[in-house]
Amino acid sequence: MQAFTLTTPDGLESATAAAAQGGRYIGGGTDLLQLAKNDVETPDRLIDLEPLPLTEITATDDALRLGAMARMSDVAAHPAVVARWPVISQSLLASASPQVRNMGTIGGNLLQRTRCGYFRDTGFACNKRAPGSGCPAIQGENRMLAILGTSDHCIASHPSDLAVALIILDASVELRATDGTTRTLPLSDLHRLPGDTPHVETTLAPGELITAVSVPASRAAMRSHYLKVRDRASFEFALVSAAVAVDAGAGTVHDIRVAAGGVGAKPWRLPEVEEALRGRPLTPKALADAAALAGQGAKPASQNGFKQVLLRRAVLRALQTATA
Ligand SMILES: Cc1cc2nc3c(=O)[nH]c(=O)nc-3n(C[C@H](O)[C@H](O)[C@H](O)COP(=O)(O)OP(=O)(O)OC[C@H]3O[C@@H](n4cnc5c(N)ncnc54)[C@H](O)[C@@H]3O)c2cc1C
Ligand code: SF4
């Protein structure tokens, strides 16, 4: 592990100023420190976000606002989140372990890196870690990896459960650049597909800080659900997950949002399922027909073709649960 210095900023301005000089932010450290210990990441200067005023969780009639340093466990247990945005709470409770959730933050969760085993082991080539070195996963161990949005250069899946829940809610990230300017970015535009540059994972500018995540209130959000299918019941990443939010009155679907995790190179919205249901009568057959469309354009690798079937089943079960 490379030695690093730790900077403790006294405010947002000094944090982004330190980032302008090449420092890396550290939230809970549950991902970054593991990667640093394995020499996958070699930061020589870390900027501790702990002292910054970014932990607030605020719910109004119109929206939920999560400070970037709010802990996963605090967000999952917040009464307004549980009542009005249940898919967020459920996705967090299905993530990691209580210990990790007590440390892990909302900003860090969205920027955690892939669990592809080749990426996390410097003994192997990996285009994401060492651009141009190759992708051993394409011919190797790829059972856990993506079937949607992949490229000839990388087939890694995005690991965050929370991000899947947030994209169906039209969440946005609030950002602060190193020059102090701020902007708001739809979460759906935060993560990039691998293409031929899989090492470039987000649309953030160098040193840009996530300060908060905002989520609009909606009737669909109140009737939302997260289903995660994994090899063991806890402490495990998704093989496949499905997030659903639905507003259906008088037997008709007015608003429906569906996304999947574990299958995409980034959190993956499923418009084909949404379009098949929007404005239609809410019947068991309509749900089954819509779920059967999930994952159009999938390109499975040698070991993960089973995810196509699992995705459709998970989407159907999540639709049934959310509309029950
Ligand atoms: C054993 C284990 C099991 C896990 N299982 C799951 C799971 O099932 N589902 C799941 O979703 N996750 C899982 N995780 C991942 C876990 O959720 C993440 O490690 C955690 O959310 C990262 O948050 P953090 O604050 O610790 O991030 P850090 O490790 O501090 O940072 C992660 C990255 O984000 C950057 N960063 C952090 N905060 C900001 C910010 N505000 N602005 C800009 N950049 C920032 C850092 O520079 C770094 O690059 C697991 C982790 C472990 C260790
Ligand atoms: S799938 Fe992506 S992260 Fe995994 S080895 Fe290939 S390039 Fe690296």
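What you see is a predicted model; the values in this text were computed from it and never measured. (Residues numbered from 1 in each chain as written. Chains lettered and ligands numbered in written order. Predicted model: local features only at pLDDT ≥ 70, side-chain atom pairs only at ≥ 80, totals over all residues. Heavy atoms only, no water.)

(A) Examining the site of ligand 2 more closely. Looking at ligand 2, there are 13 residues lining it, with C116, C126, C135, C154 and I155 nearest. For the shell around ligand 2, the class distribution of residues is 10 nonpolar, 2 polar and 1 charged. (Near = heavy atom within 4 Å. Nonpolar A, V, L, I, M, F, W, Y, C, P; charged D, E, K, R; others polar.)

(B) Representation of the pairing of strand 8 (residues 209–216) within the structure. Burial of strand 8 is extensive: 7 of the 8 residues sit out of reach of the surface. Pairing of strand 5 (residues 63–67) with strand 8, which is carried by 5 bridges, proceeds in the antiparallel orientation. Counted as the bridge partner of R65 is S214 from strand 8. Of the pairings in the sheet, the one linking strand 6 (residues 172–176) to strand 8 comprises 5 bridges and is antiparallel in character. Its bridge partner being in strand 8, S172 is matched across the sheet by S214. (Buried < 20%, exposed > 50% of the residue type's maximum accessible area, 1.4 Å probe, protein only. Helix = DSSP H or I, 4+ residues; strand = E, 2+ residues; numbered from the N terminus. Pairing = 2+ DSSP bridges.)

(C) Structural view of the site of ligand 1. Near ligand 1 you find 32 residues, and of these Y25, G28, T30, T105 and D161 are the closest. T105 places a polar side-chain atom, nitrogen or oxygen, 2.6 Å from an oxygen atom of ligand 1. Counting residues per element, the ones that place at least two in the shell around ligand 1 are strand 2 (24–26), helix 7 (106–110) and strand 8. Considered class by class, the residues forming the shell around ligand 1 number 14 nonpolar, 12 polar and 6 charged. (Polar contact = N/O pair within 3.5 Å; in protein donor to acceptor, adjacent residues only side chain to side chain.)

(D) Representation of the packing of aromatic side chains within the structure. Across all of its chains, the model carries 1 aromatic pair by this definition. Taken together, a centroid distance of 5.0 Å and an interplanar angle of 85° make the contact between Y118 and F124 edge-to-face. Relative accessible area serves as the criterion here: at 40%, F124 is assigned to the partly exposed category. (Phe/Tyr/Trp six-rings, centres within 6.5 Å; stacked < 30°, edge-to-face > 60°.)

(E) The sheet that holds strand 1 (residues 5–7), seen in detail. Taken together, 3 strands build an open sheet; the order of strands is 1-3-2 and the sheet is parallel. Two strands lie at the open edges of the sheet, namely strand 1 and strand 2, each paired on one side alone. Mean inter-strand twist for the sheet, computed between neighbouring axes without regard to direction, equals 35°. With 3 bridges connecting them, strand 1 and strand 3 (residues 45–48) associate as parallel partners. Residue pairing in the sheet places T7 in a bridge with I47 of strand 3. (Axes fitted to C-alpha atoms, helices over the stretch in contact; angles between N-to-C directions.)

(F) Just the side chain of E272, in detail. Along the chain, E272 falls in helix 10 (residues 271–277). Although E272 is buried, it forms no salt bridge, and the closest oppositely charged side chain is R312 at an N-O distance of 8.4 Å. When residues no more than four places from it in sequence are discounted, the contact partners of E272 are L293, A294, G295 and Q296. (Lys, Arg positive; Asp, Glu negative; His and termini not counted. Salt bridge = Lys/Arg side-chain N within 4 Å of Asp/Glu carboxyl O. Contact = heavy atoms within 4.5 Å.)

(G) Up close: helix 1 (residues 12–20). Within helix 1 the residues assigned to the buried category are A15, T16, A18 and A19. All buried residues of helix 1 lie within an arc of 155° about the axis, which places them on one face of the element. For helix 1, exposure combined with an orientation more than 90 degrees from the buried face picks out E13 and A20. Tucked inside the fold, the buried residues of helix 1 contact strand 1, strand 2, strand 3, strand 6 and strand 8. Just beyond helix 1, the residue with positive phi is G22, at close to 105°. (Arc of directions from axis to C-beta.)

(H) Just the domain arrangement of the chain, in detail. Partitioning the chain into domains gives domain 1 (1–48), domain 2 (57–111 + 158–216) and domain 3 (219–323). Here the C-alpha centre of domain 2 lies 19 Å away from the C-alpha centre of domain 1. Contacts between the two partners involve 9 residues from domain 1 and, on the opposite side, 13 residues from domain 2. Buried surface at the junction of domain 1 and domain 2, summed over both partners, amounts to about 860 Å²; 70% is from carbon and sulfur atoms. Counting every contact that joins domain 1 to domain 2 gives 0 salt bridges. Along the contact surface separating domain 1 from domain 2 lie 1 residue pair in polar contact (both at pLDDT 80 or more). Of the residues contributing to the side of domain 1 that touches domain 2, the split by class is 4 nonpolar, 4 polar and 1 charged. (Domains from an automatic or database assignment. Buried area = accessible area lost by both parts, 1.4 Å probe.)

(I) Just the nonpolar core, in detail. Formed by 40 residues in total, the largest nonpolar core has its most connected members in V75, I88, L110, L166, L169, V213 and V215. Ranked by the residues each element gives to this core, the list is headed by helix 8 (residues 161–168), at 7 residues. Non-local contacts of V75, meaning those with residues more than four positions away in its chain, are made with I57, L66, A70, V81, I88, L92 and I106. If you look at the next biggest cluster of nonpolar residues, it comprises 31 residues, including V263, A286, A290 and A291. (Core = buried A, V, L, I, M, F, W, Y, C linked by side-chain atoms within 4.5 Å.)

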